[in-house]
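Structural overview
In case you want the letters, here they are:
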Amino acid sequence: MDHIVNTDQAEFWSGDPGQAWVSKQPFFDALLSPALDLLYEIAELRTGEQIVDIGCGTGTSLLESAKQVGETGHVTGVDVSTPMLAMALERVKAAGLSNVDCIEADAQIYDMSEFQADHVISRFGVMFFDAPHAAFANIATALKPRGRLSFICWATLRSNPWFQLPAAIAKDVVGAPPPPDPRAPGPMAFAEQSYIQDILNASGFRDIEMQEVSVELTPLGSCEEVATFAATEGPAMRIVREMGGTEEHTSTIRTRLIDSFEQFSTPEGMRVPALFNVVKARV
């Protein structure tokens, strides 16, 4: 893969997890739609702007950004996942958009200065760098003077039951693997706001603003369907695989997740509380 040094994450997101995002794209889009709405609320994209979207995935944010900047603007998606980018390009083509392109590249090393963007955005795409200081220093070069950065990432594990409950139940069923470095590439790598602040300061960003924002995730389906998904994807799946678990273990995890997730059932559907770190800055 050209322009990739973060090979572990590139292989991960081009493997089964990336394929899962492609095959279950409607579920993920529904689950994370409150996060996308929040991103655009803080980013306030403007007609005619040049946008770079880090970790654009299957393209939902590309389509919305293109709509917001209009035909006089332009959106470039950057991601390391081959299958997710392929779907993003298909969706862009189906939408008939001429102001969007995608690059399979690693934001840690790709020559981002070619973009001269007004705004870099990301929804859950910046927590997977194995060299985050280098990545954000490079991302800063993508921006024009006074250019803006807006991104959303997960806050602490204990504040996000979408991750915490499947992980806790899986560990109880199959045992706990060695604890990872909390700052290792992964969903919770940017849980600490002081860590984000240090990275952005060292990377040349200023006017840094951060806040924690509570939302409710909106997964599709019944409690049983959502529990099935959570038992077979994400942290539960990874723990079962790492500990050599079986299908029987996964079935047990699913049963227990149904009981745990029942608290999130509402007349409007499943509503799972979540906490995000919301970050804005300028160069």
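Further up the page is the structure itself.
A short tour of the structure in this document, coming up.

Reading guide: rules and limits
- Residues numbered from 1 in each chain as written.
- Predicted model: local features only at pLDDT ≥ 70, side-chain atom pairs only at ≥ 80, totals over all residues.
- Heavy atoms only, no water.
- Phe/Tyr/Trp six-rings, centres within 6.5 Å; stacked < 30°, edge-to-face > 60°.
- Helix = DSSP H or I, 4+ residues; strand = E, 2+ residues; numbered from the N terminus.
- Buried < 20%, exposed > 50% of the residue type's maximum accessible area, 1.4 Å probe, protein only.
- Polar contact = N/O pair within 3.5 Å; in protein donor to acceptor, adjacent residues only side chain to side chain.
- Contact = heavy atoms within 4.5 Å.
- Core = buried A, V, L, I, M, F, W, Y, C linked by side-chain atoms within 4.5 Å.
- Disulfide = S-S within 2.5 Å.

Quick notes on the packing of aromatic side chains
For the structure on display, the rule yields 21 aromatic pairs. Both rings, one in Phe124 and one in Phe276, keep their centres 5.3 Å apart while their planes meet at 75°; by these two values the pair is edge-to-face. Of this pair, Phe124 sits in the loop between strand E4 (117-123) and helix H7 (132-140) while Phe276 sits in strand E9 (residues 272-282), and the two are 152 residues apart along the sequence. No difference in accessibility class separates Phe124 from Phe276, as the two residues are buried. Relative to Phe136, the ring of Phe129 has its centre 6.0 Å away and its plane inclined at 90°; by these criteria the two rings are edge-to-face.

Points about the environment of Val226
Looking at the secondary structure, you find Val226 in helix H10 (residues 223-232). You can call Val226 buried: its relative accessible area is 0%.

Here's the deal with the side chain of Gln25
Within the element layout of this structure, Gln25 appears in helix H3 (residues 25-31). In this structure the side chain of Gln25 is engaged in a polar contact, spanning 2.6 Å, whose partner is the side chain of Asp29. Once residues within four sequence positions are removed from consideration, Gln25 is found in contact with Thr58, Met87 and Arg91.

Concerning the nonpolar core
Of all hydrophobic cores here, the largest spans 97 residues; its most connected members are Phe136, Phe190, Phe205, Phe261 and Phe276. When sequence neighbours within four positions are dropped, the list of residues in contact with Phe276 reads Ala35, Leu38, Phe124, Ile152, Cys153, Trp154, Ala155, Gln211, Glu212, Val213, Val215 and Leu217.

Regarding the state of the cysteines
All told, the structure shown has zero disulfides when counted by the stated rule. Of all cysteine sulfurs in the structure, the one in Cys56 sits closest to Cys102, which takes part in no disulfide; the separation is 4.7 Å. Relative accessible area serves as the criterion here: at 18%, Cys102 is assigned to the buried category. Here Cys153 stays free of any disulfide, with the sulfur of Cys56 as its closest cysteine sulfur at 18 Å. Residue Cys153 is classed as buried on the basis of its relative accessible area, which comes to 0%.

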